[in-house]
Amino acid sequence: MSVPGESSHFIMAPEIRMRELNKRKIEERNPRNAAVMMLFYPKEAFTHIALILRPEYEGVHSGQVALPGGKVESFDQSYIETALRETEEEVGVIVNTVSVVKPLTKVYIPPSNFWVHPFLGFTERRPDFVLQKEEVAKVIEVPLTELLSDRNVTSQKLSTSYAKNIEVPSFQLDGYTVWGATAMMLSELKIFIKNMMV
C-alpha cells in the first residue's frame, strides 16, 4: 500500500517551516542524510510505538521528543541499515529482532540541514530498552490508540531554535508535546494506518 506522502506532513508543519521549504531549493544546501525507526511492539496486549526524549544540551534538538535514529555513516549500506543500527545504539533494540515493513516519506529539517528517512518496523515482543545516555533521556511508550486519536492533536505557541513564540501544530502523547519533523512523520504514519483500517 502506498504512503500518504508530503501532504500528510504539512498538516503538522508550522507555517514558518512551510515558508522555509518553499523559498529555497533544498538540494542546493547539500543536506546530510539520517534515518529513524517508527518501532511498533506489543505491551500489555496493546500495540505501542517507541519515541525518545532527547537530553538537554547545547543544540537545536535539545529536550525534544524524537524517533530513535541518527545520521547516515559511510559504512551504512542503506537507510534501513542506518535506522536499525541507530535504534540499537540509542535504545538497545537488537537489529535482527526488528522486521522492517516499509519506508515512509522523507522529511527535511531546516535547522540541522538533514533529510530524515523514516521506516516503519515492529518487534514480536516488547524490547528490553537500554538507553544511550548521551543521546536519550527516556523512552516514551505511546499506545497506538493514543497516536490515532484526533483528540491528541493540538496547536500551541513554542519558541524554537529558529523562531520565537510561534504557533505550532503538535501531538500531545503520554504527557509530552511532539512537534516539528517528528510530528510531521507521525502525521503520515497516522494517516497511513487509518487508511489501512478503512
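J.: Would you mind going over the overall build of the protein in detail, with residue names and values included?
T.: Helix and strand content of the protein: 5 helices and 11 strands. Scored against the burial criterion, the 198 residues of the protein give a buried share of 51%. Once local pairs closer than 6 in sequence are excluded, the contacts in the protein between residues at least 24 apart make up 66%. Carbon and sulfur atoms provide 51% of the accessible area of the protein, an area that totals close to 10100 Å².

J.: Account for the layout of surface pockets, with residues named and values stated.
T.: The space that makes up the second largest pocket amounts to roughly 170 Å³. What lines the second largest pocket is simply Gly92, Val93, Ile94, Thr97, Thr123, Glu124, Arg125, Arg126, Pro127 and Asp128. The residue inventory of the lining of the second largest pocket, partitioned by class, reads 3 nonpolar, 3 polar and 4 charged.

J.: Kindly report on the packing of aromatic side chains, identifying the contributing residues and their values.
T.: Scanning the entire structure with this criterion turns up 2 aromatic pairs. Ring centres of Tyr41 and Phe129 lie 5.6 Å apart, and the angle between their planes is 70 degrees; on these two criteria the pair is classed as edge-to-face. Taken together, the positions of Tyr41 in strand S1 (residues 32-43) and Phe129 in the loop between strand S7 (114-122) and strand S8 (138-143) put the pair 88 residues apart, joining distant regions of the chain. Residues Tyr41 and Phe129 agree in their burial class; the two are buried. Looking at Lys106, its charged tip hangs above the ring of Trp115, at a distance of 4.1 Å from the centre.

J.: Residues and numbers for the nonpolar core, please.
T.: General note: in soluble globular proteins, nonpolar side chains tend to be found buried as a group. With 33 residues, the main nonpolar core has Met38, Leu51, Phe171, Leu173, Met185, Leu186 and Leu189 as its most contacted residues. When residues of this core are traced back to their parent elements, those giving at least two are S1, strand S2 (46-53), strand S6 (107-109), S7, S8, helix H4 (144-148), strand S10 (166-173) and helix H5 (180-197). When near neighbours in sequence (up to four residues on either side) are disregarded, Leu173 contacts Leu51, Val142, Glu146, Leu147, Asn152, Val178 and Leu186.

J.: Which residues make up helix H3 (residues 79-91), and what are the values?
T.: Given 3.6 residues to a turn, an α-helix orients residues that are three or four positions apart in the same direction. The end-to-end C-alpha distance of H3, which contains 13 residues, comes to 18 Å, matching closely the 18 Å that a straight helix rising 1.5 Å per residue would cover. All of the buried residues along H3 are Thr82, Ala83, Leu84, Arg85, Glu86, Thr87, Glu90 and Val91. Contact partners of the buried residues in H3: S1, S2, strand S4 (69-71), strand S5 (99-103), S7 and S8. Positive backbone phi, approximately 75 degrees, marks Gly92, located one or two places after H3.

J.: Can you explain the side chain of Thr82? Please cite residues and give values.
T.: Within the element layout of this structure, Thr82 appears in helix H3. For Thr82, the side chain forms a polar contact with the side chain of Asp76, separated by 2.8 Å. Not counting residues up to four positions away in its chain, the partners in contact with Thr82 are Ala35, Gly70, Lys71, Val72 and Asp76.

J.: Which residues make up unusual backbone geometry, and what values do they have?
T.: You will see that Asn113, though not glycine, has its phi angle at about 60 degrees, which is positive. In this fold, Asn113 is placed in the loop between S6 and S7. The residue Asp174 is not glycine, and still its phi comes out positive at about 55 degrees. By the secondary structure assignment, Asp174 is in the loop between S10 and strand S11 (176-178).

Conventions we followed
- Residues numbered from 1 in each chain as written.
- Predicted model: local features only at pLDDT ≥ 70, side-chain atom pairs only at ≥ 80, totals over all residues.
- Heavy atoms only, no water.
- Helix = DSSP H or I, 4+ residues; strand = E, 2+ residues; numbered from the N terminus.
- Buried < 20%, exposed > 50% of the residue type's maximum accessible area, 1.4 Å probe, protein only.
- Contact = heavy atoms within 4.5 Å.
- Areas by Shrake-Rupley, 256 points an atom, 1.4 Å probe, with all protein chains shown as cover.
- 1 Å grid on protein atoms, 1.4 Å probe; cavity = no way out; pocket = protein on both sides within 12 Å on 5 of 7 lines; lining within 4 Å.
- Points joined across faces, edges and corners; volume = space filled by probe spheres on them.
- Nonpolar A, V, L, I, M, F, W, Y, C, P; charged D, E, K, R; others polar.
- Phe/Tyr/Trp six-rings, centres within 6.5 Å; stacked < 30°, edge-to-face > 60°.
- Lys NZ or Arg CZ within 6 Å of the ring centre and 35° of its normal.
- Core = buried A, V, L, I, M, F, W, Y, C linked by side-chain atoms within 4.5 Å.
- Expected span 1.5 Å × (residues − 1).
- Polar contact = N/O pair within 3.5 Å; in protein donor to acceptor, adjacent residues only side chain to side chain.

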